[in-house]
Amino acid sequence: QEGTGAGKRPNFVLLLIDDAAYSDLGAYGGEARTPNIDRLAAQGAVFTQYHSSPLCSPSRAMLLTGVDNHRTGFATIPETLPVEQQGRPGYRMRFEPGVETVATRLKAAGYRSYMTGKWHLGHGPGELPDALGFDRSFVLDASGADNWEQKPYMPYYTSADWFEDGKPATLPKDFYSSEFLVDQMIRYLEKDRARREPFLAYIAFQAVHIPVQAPREFTANYDGVYDGGWGQMREARWRRAQERGLIPQGAPLAPVHEKLRSWESLDAEERALYARSMQVHAGMLEAMDHHIGRLVDYLKAQGQFENTVFLITSDNGPEPSNPVAQAGFRTWMSRNGYTHELGNLGEKGSMCFIGPEWANATASPGNLFKFHSSEGGMRVPLIAAGPGIAPGRRLVGTSFVTDVTPTIYDYAGIDRARWNGPVPMSGRSLKPALSGAVPRVYAADEPVGMEVGGNAALFKGDYKLTKISLPWGDAKWRLYNLATDPGEVQDLSEKEPERYRAMLADYAAYEQEAGVLRLPDDFNPHKQVKINAIKKQLHHYRFVLGGAAIVLASLLLMWLRRRILRAGA
Ligand SMILES: O=[N+]([O-])c1ccc(OS(=O)(=O)O)cc1
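Note that the structure is predicted; figures quoted are calculated from it, not measured.

A tally of helices and strands in the protein chain yields 16 helices and 16 strands. Taken over C-alpha atoms, the radius of gyration comes to 24 Å for the protein chain, in line with the 25 Å a tight globule of 569 residues would show. Counting the 569 residues in the protein chain, one finds 60% classified as buried. Taking contacts inside the protein chain between residues at least 6 apart in sequence as the whole, the part at least 24 apart equals 73%. Side chains of the protein chain give 64 positive and 65 negative charges; the mean places of these two sets differ by 5 Å.

Structure below.
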């Protein structure tokens, strides 16, 4: 065993929420009842300036390795990968050689690791968690799936592929995702109850990704809560963020993008549908929290709770897509047993989503949402609780998704000399901030770059340089002070030209070092998905298509032969 520090080594419970916005959880001022998460937040620390990447797989790769996304092999998500980047180093959509996961490193230190939920970091043999350090795993390889039935949620996929320990697996006939993922984790822990090793339990929830679905009893808890619309809710969350000290008093709220509709412009029917969609979103968060509570109870009953470090976070900001508005989606929906109706919204057979306006409101006070390098796309919750973590603290220093793995190594007592594998981490341990020794772990003059699909940012102290892609951004570099301006309202690039230039140079250096491949400013990930989906379908049906081509060619040859013979006769 490597680097076993003094004292009892803690367990780790890493809970990843999919697409949870900055102010979605109760602890961050959201409406959803999340008492179990809030209790952990009160017992531990709440980060106010933690940043993921703006997209799923890059964030997950960084979360589990501490390595920059371009170095991991997941510079972006496979769904939106442009043709010209396919197969290039850092863009191969599988872990690059030499990139080690937290599970691999913990195993060398004598830990057991378990995972349930969404993987989205590869598909085939050697690419699933069983090959990447996890002792037991029950995972979905894709970006998402239905929460009630084993079926896909968008035309990109022809099936919902789950795997147990790397082998194809079938979900129970009756399940709800958050319940099942917690149950399965408890089954793994229970099976290994007699073992003496400490463990990492990683649950990557499907909540609150599309399709947004929740049991009716949870959704019903929010009757009327969202009837006032997204404008009201956004301002209420902004006020609560100030009251709770998550943002400074008087920090401005991001402006509303001109493409976003006002609540008042909707008719009564649309309002009812959208209010209920947001109820399902809150219900889905509450259901997840309820099941997290069961895991906490289980650990308490086993006498493990006191020795467990909990880390709760999200992979990116809220999902703005409205799939039903996309061409052909309604046909796909009806073929796949989905409706989009008020009556059963969020229940079995329902395709529910919150759309860009609610998404923007859930990210309050941030600008925009997932996909974008705005605070709405990247500033997400991070809660840490457990032994040695001082209770009730707000940590305001900016921190990053790459910091989670080194933080785990630090608490596990792994010798610092062994933290890095062949591909070094870019993250930092947050332990010194969590123990109260220092207020922040990055120096004020230390640059940290981030890029996904042309959305780019460079953080330095409280400052952030950012470029947001078209069509929601204008692909121009802007400078903000996040400590005073979390809504990114006041561009400082002209007021502080020297800082602006210095940070542009820092970004250029980051781009070079990380191996970022540039994209045209007007690169549209949503168009790319359609192209990639067609290619994927062609690949999926290649045998059928190949067979059909052979039959057609044979028929043609027979016909030609007959004509030639007839002409000769
Ligand atoms: O554009 N898509 O097809 C797309 C985008 C996001 C997405 O979700 S994510 O969780 O993988 O980011 C899935 C598909």
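Moving on: the packing of aromatic side chains. Using the criterion set out here, one finds 28 aromatic pairs in the structure. Relative to Y507, the ring of W477 has its centre 4.8 Å away and its plane inclined at 55 degrees; by these criteria the two rings are tilted. Taken together, the positions of W477 in strand β16 (residues 477-481) and Y507 in helix α14 (residues 497-514) put the pair 30 residues apart, joining distant regions of the chain. In this pair, the class of W477 matches that of Y507, namely buried.

We now examine the side chain of Q85. As for its position among the elements, Q85 is in the loop between α3 (69-72) and α4 (102-108). At a separation of 3.4 Å, a polar atom in the side chain of Q85 contacts the main-chain carbonyl oxygen of L517. When near neighbours in sequence (up to four residues on either side) are disregarded, Q85 contacts Y91, L517, R518 and L519.

Our next topic: the site of the ligand. Surrounding the ligand, one finds 14 residues, the nearest of these being C56, K118, H120, H209 and V529. Between the ligand and K118, the relevant distance is 2.9 Å, taken from an oxygen atom to a side-chain nitrogen or oxygen of the residue. Its residues assigned to classes, the shell around the ligand comprises seven nonpolar, four polar and three charged.

The next subject is the state of the cysteines. A complete count under the given rule lists zero disulfides for this structure. Here C56 is not cross-linked by a disulfide; its sulfur's nearest cysteine counterpart is in C352, at 19 Å. The exposure class assigned to C352 is buried, which follows from its relative accessible area of 0%.

Two elements in contact, helix α7 (residues 230-243) and helix α10 (residues 355-362), have axes separated by 8 Å at closest approach and are oriented at 15 degrees. Between α7 and α10, the angle is such that the two are roughly parallel. The two elements α7 and α10 cross, and the hand of that crossing is left-handed. Contacts from W230, M233, R234 and R237 in α7 reach E357, W358, N360, A361 and T362 in α10. Class assignment of the residues belonging to the contact of α7 with α10 gives a composition of four nonpolar, two polar and three charged.

Let us now look at the confidence of the model for the protein chain. Here the protein chain shows a mean pLDDT of 96. Residues at 70 or above account for 99%. Throughout residues 1-5 the model reports pLDDT below 50, and contacts reaching past four residues in sequence, or to other chains, amount to 15 contacts. Here the complex is predicted with pTM 0.95, and the ipTM for its interfaces comes to 0.93.

In a structure, side chains of opposite charge can pair up when their charged atoms sit close to one another. Overall, the coordinates contain 35 salt bridges when judged by the stated rule. The salt bridge partner of D24 is R237, with a shortest N-O separation of 3.2 Å. Placement of the pair is D24 in the loop between β1 (11-17) and α1 (35-43) and R237 in helix α7, with a sequence separation of 213 residues. Exposure class is identical for D24 and R237. Each is buried. Taken together, the shared-partner salt bridges connect D18, R60, K118 and D315 into one network.

Calculation rules
Residues numbered from 1 in each chain as written. Predicted model: local features only at pLDDT ≥ 70, side-chain atom pairs only at ≥ 80, totals over all residues. Heavy atoms only, no water. Helix = DSSP H or I, 4+ residues; strand = E, 2+ residues; numbered from the N terminus. Rg over C-alpha atoms; globule rule 2.2 N^0.38 Å. Buried < 20%, exposed > 50% of the residue type's maximum accessible area, 1.4 Å probe, protein only. Contact = heavy atoms within 4.5 Å. Lys, Arg positive; Asp, Glu negative; His and termini not counted. Charge placed at Lys NZ, Arg CZ, Asp CG, Glu CD. Phe/Tyr/Trp six-rings, centres within 6.5 Å; stacked < 30°, edge-to-face > 60°. Polar contact = N/O pair within 3.5 Å; in protein donor to acceptor, adjacent residues only side chain to side chain. Near = heavy atom within 4 Å. Nonpolar A, V, L, I, M, F, W, Y, C, P; charged D, E, K, R; others polar. Disulfide = S-S within 2.5 Å. Axes fitted to C-alpha atoms, helices over the stretch in contact; angles between N-to-C directions. Parallel < 35°, antiparallel > 145°, perpendicular 65-115°, else oblique. Left-handed = near helix turned anticlockwise from the far one by under 90°. pLDDT = per-residue confidence, 0-100. Salt bridge = Lys/Arg side-chain N within 4 Å of Asp/Glu carboxyl O.

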